Amino acid sequence: MNKSTERPLKRKANTDNGSDTRRQKPSPSRPSSHRSTSTSSKTASTFSNVKKKTSPTTTTKKIPFWDAKGKMNELQSKLEETGKEVSEFEKLKDDLQTTVHDQETILKEAFQKVTDLETTINSTKERHSSELNSIRQKFNVQNQELVQQNAKYSEKMSHLDQEYEAYQTRYEEIIQVLEEEKGENMTLKATVSKISAAYSDVDADLRTLRMKLESTGSILEQRENEIKRFTDELLEQDTLSKEIERQLIEEETTRRKLHNTIQELKGNIRVFCRVRPLVGNENNMADIRVFGEDSEHMELREQVSSTLGRTSTKTYTFSFDRVFAPECNQSDCFEEISQLVQSALDGYNVCIFAYGQTGSGKTFTMQGPPQPNEETIGMIPRAVHQIYKVTQQLKQFGWEYTMEGQFLEIYNESINDLLGEPSDYSKVKHEIHHDKSGRTTVTGMKTVILDSPSKVKMMLKRASQNRATGATNINERSSRSHSVFTLQLTGENKKTGERSSGLLNLIDLAGSERLSMSGSVGDRLKETQAINKSLSSLGDVIQSLVNKKEGSHVPYRNSKLTWLLRNSLGGNCKTLMFVNVSPLVEHFNETLCSLRFATKVNSCHVGTAKRSIGK
Ligand SMILES: Nc1ncnc2c1ncn2[C@@H]1O[C@H](COP(=O)(O)OP(=O)(O)OP(=O)(O)O)[C@@H](O)[C@H]1O
């Protein structure tokens, strides 16, 4: 920068002072100016004047040696000239000093200008540089945008290309269609001319039809009047149907009352006997016959040998509310108990027991086989399905129901939650509580809201899995414990404000053949004692309920089972006992025991005129 500013100044100094290089050597760093140029030229002219004045002295005519005066004069004039020259030189010197001083001032100014210029240049440079940077950034941003736009345009272009190709194809197709339509058009034209001919025929027909339409108009008016009449009748019907609905609700209440009366007439304790069929490889069938108008009697025959060696036939006859022969299926059994399920919906407490020896078909009756189907599902799922069906129907009469299920097991006089965790069986102690309103609760039990049939299925599966974990095989455990499935049914009628709360207990009792304790030791003896106690307590409770005198004691507390069922046995509660028996000859004695126990229960009928002919 400095170099570039110095160069023209150097050249100027050389040019201006070229005539006086001897006296003023130009400095390469010192800039010149117009003022310095004029000052130095003035000094140079003064110097040449001095020289010009001195030069005539050298050309003066020689004075003879003797002319001392002349020489003196000459010297005198030379001295004067020299004096003049000296003063001129001094003046010149002053001029030069002034010039130098001027030059220095100029130089300073020039330096200042150079510095200013440098500052200006630097700031300009910085500004340009920042401008350049921002321009570069803008450029980059724009460039990126352009690249993106370019990509978008390329994409659009390819879409447009595709669209163009599609349009091209479509265009070709349309052209083809057009060609085809042209052909069709020709055909149509021919058809149109045919139709035109036909049209005139139709036109004639139309005129005829118009005439008919006019007459139809008056018929339509008649119809409209009829519709109005029908609408009025419909409104009357609607009022009537509302009245019918009200009557239906009343009738539903009456039905409930009548149903209960019928159930009471049938007896609040009822006994059904079910003889299971032969299963698997079984073939030694006992002589069992079912008879009676309502299949209410059964006869068992046994060949006995006397001590004298004579063989005779011993006949045992029993009567129950109903006897189901081996060929009867699950739906035949449910038909009979469905009435009691209805009672539970109507707000009664119902107990349905399955009593019998191991393997007589209690679990099959109550739950169904391990892999049930539509035909073989047991009483528990059937009861729940019926309740679903009926609660849906009852909705039209304003009834809304909730169903809550619990499933427990009584084993060795302690309660296990079959819907809980098997690992809790020995840890959690469940207590039975009865409140003043007649409601029974068992502490720590899991309750399942049964709002769909699939939930019942899942619940039964879980219960049977939990029961199986307590034993080496499921039959072994189920024959040693009682299982109690409880369904709490709570209903509310929004239209009538009625409420109902019923309980349905479905109980699969432990195997009854263990009543004999002989031969049992250790855990088995404990189990046998527990089963023995609870089954005989059940019999005792049922008997004392029937013989009940005002304020007499009912031994509910004698077993966990009877204590649990305190509010579901006796009073207004309904009890049904299924006595399951085996058809096998080898189980004949156990079958007789079961039937005798059932007969004892059956003799507890209240309000029925059934004759007991059993032994
Ligand atoms: N009515 C029936 N129809 C067909 N099979 C039946 C019937 N009743 C029972 N069974 C079959 O007989 C066998 C024994 O029945 P189940 O297990 O129900 O007896 P249980 O009395 O419940 O025995 P446990 O006291 O050991 O539980 C099972 O294989 C069962 O499927």
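It should be emphasised that the depicted structure is a prediction, and the values quoted were computed from it without experimental measurement.

Draft legend 1. Inspection of the packing of aromatic side chains at higher detail. One pass over the full model with this rule turns up eight aromatic pairs. The rings of Phe 272, Phe 324 and Phe 578 are connected pair by pair, giving a single aromatic cluster. Lying across the ring of Phe 230, Arg 229 places its NZ or CZ 5.4 Å from the centre. A cation sits over an aromatic face here: Lys 574 above Tyr 348, 4.5 Å from the ring centre.

Draft legend 2. Highlighting the pattern of salt bridges. Counted according to the given criterion, the structure contains 16 salt bridges. Across the salt bridge formed by Glu 131 and Arg 127, the nearest N and O atoms sit 3.7 Å from each other. You can see Glu 131 and its partner Arg 127 sitting in helix H3 (residues 68-266), four residues apart, about one turn around the helix. The exposure class assigned to Arg 127 is partly exposed, which follows from its relative accessible area of 45%. Salt-bridge contacts for Arg 207 lead to Asp 203; the nearest nitrogen and oxygen are separated by 2.9 Å. Remark: Asp 203 and Arg 207 occur in helix H3; sequence separation between them is four residues, near one turn of the helix. When its relative accessible area of 23% is taken as the criterion, Asp 203 is described as partly exposed. Several salt bridges converge on common partners, so that one network encompasses Asp 287, Arg 289, Glu 299 and Arg 301.

Draft legend 3. Seen up close, the UniProt feature "binding site: ATP" (unreviewed entry) in the protein. Taken from the UniProt record, the annotation "binding site: ATP" (unreviewed entry) applies to Gly 356, Gln 357, Thr 358, Gly 359, Ser 360, Gly 361, Lys 362 and Thr 363. Along the chain, Gly 359 turns up in the loop between strand S6 (349-356) and helix H5 (362-366). Looking at where Ser 360 falls in the secondary structure, it is placed in the loop between S6 and H5. Look at Ser 360 and you get buried, because its relative accessible area is 0%. Ignoring anything within four residues of it in the chain, the contact list for Ser 360 reads Arg 276, Asn 580, Val 581 and Ser 582.

Draft legend 4. Fine view of the side chain of Arg 276. For Arg 276, the location among the structural elements is in the loop between strand S1 (269-275) and strand S2 (287-291). A polar contact is formed between the side chain of Arg 276 and the side chain of Glu 282, at a distance of 2.8 Å. There is a polar contact of 2.7 Å between the side chain of Arg 276 and the backbone oxygen of Gly 359. Look past the residues within four positions of Arg 276 in its chain and what remains in contact with it is Glu 282, Pro 326, Gly 359, Ser 360, Gly 361, Val 581, Ser 582, Pro 583 and Leu 584.

Draft legend 5. Up close: the nonpolar core. With 47 residues, the main nonpolar core has Met 298, Phe 320, Phe 353, Leu 569, Met 577 and Leu 595 as its most contacted residues. Beyond its immediate chain neighbours, meaning those up to four positions away, Met 298 contacts Cys 273, Val 275, Ile 288, Arg 289, Val 290, Phe 291, Tyr 316, Thr 317, Phe 318, Phe 320, Val 323 and Leu 595. Residues Cys 333, Tyr 388, Leu 419 and Leu 489 belong to the second largest nonpolar core, which totals 44 residues.

Draft legend 6. Region of the structure containing unusual backbone geometry. Of note, the phi angle at Ser 295 is positive, near 50 degrees, even though the residue is not glycine. Looking at where Ser 295 falls in the secondary structure, it is placed in the loop between S2 and strand S3 (297-305). The residue Asn 412 is not glycine, and still its phi comes out positive at about 50 degrees. When you line up the elements, Asn 412 lands in the loop between strand S7 (399-411) and strand S8 (414-417). Asn 412 gets classed as partly exposed once you look at its relative accessible area, which sits at 23%.

Draft legend 7. Highlighting the pairing of S8. Across four bridges, the pairing between S7 and S8 is antiparallel. Paired with Tyr 411 across the two strands is Ser 414, which belongs to S8. Hairpin remark: S7 followed by S8, antiparallel, with two residues in the connecting loop; positive phi at Asn 412, about 50 degrees.

Draft legend 8. Here's a closer look at the packing of helix H4 (residues 330-345) against helix H6 (residues 379-394). At a minimum axis distance of 9 Å, the contact between H4 and H6 shows a crossing angle of 50 degrees. Between H4 and H6, the angle is such that the two are oblique. With respect to the hand of their crossing, H4 and H6 are arranged in right-handed fashion. The segment H4 lies against H6, with Gln 330, Ser 331, Cys 333, Phe 334, Ile 337, Ser 338, Val 341, Gln 342 and Leu 345 engaging Met 379, Arg 382, Ala 383, Gln 386, Ile 387, Val 390 and Thr 391.

The rules behind each value
- Residues numbered from 1 in each chain as written.
- Predicted model: local features only at pLDDT ≥ 70, side-chain atom pairs only at ≥ 80, totals over all residues.
- Heavy atoms only, no water.
- Phe/Tyr/Trp six-rings, centres within 6.5 Å; stacked < 30°, edge-to-face > 60°.
- Lys NZ or Arg CZ within 6 Å of the ring centre and 35° of its normal.
- Salt bridge = Lys/Arg side-chain N within 4 Å of Asp/Glu carboxyl O.
- Helix = DSSP H or I, 4+ residues; strand = E, 2+ residues; numbered from the N terminus.
- Buried < 20%, exposed > 50% of the residue type's maximum accessible area, 1.4 Å probe, protein only.
- UniProt positions renumbered as here; feature names shortened; annotations may be inferred.
- Contact = heavy atoms within 4.5 Å.
- Polar contact = N/O pair within 3.5 Å; in protein donor to acceptor, adjacent residues only side chain to side chain.
- Core = buried A, V, L, I, M, F, W, Y, C linked by side-chain atoms within 4.5 Å.
- Pairing = 2+ DSSP bridges.
- Axes fitted to C-alpha atoms, helices over the stretch in contact; angles between N-to-C directions.
- Parallel < 35°, antiparallel > 145°, perpendicular 65-115°, else oblique.
- Left-handed = near helix turned anticlockwise from the far one by under 90°.

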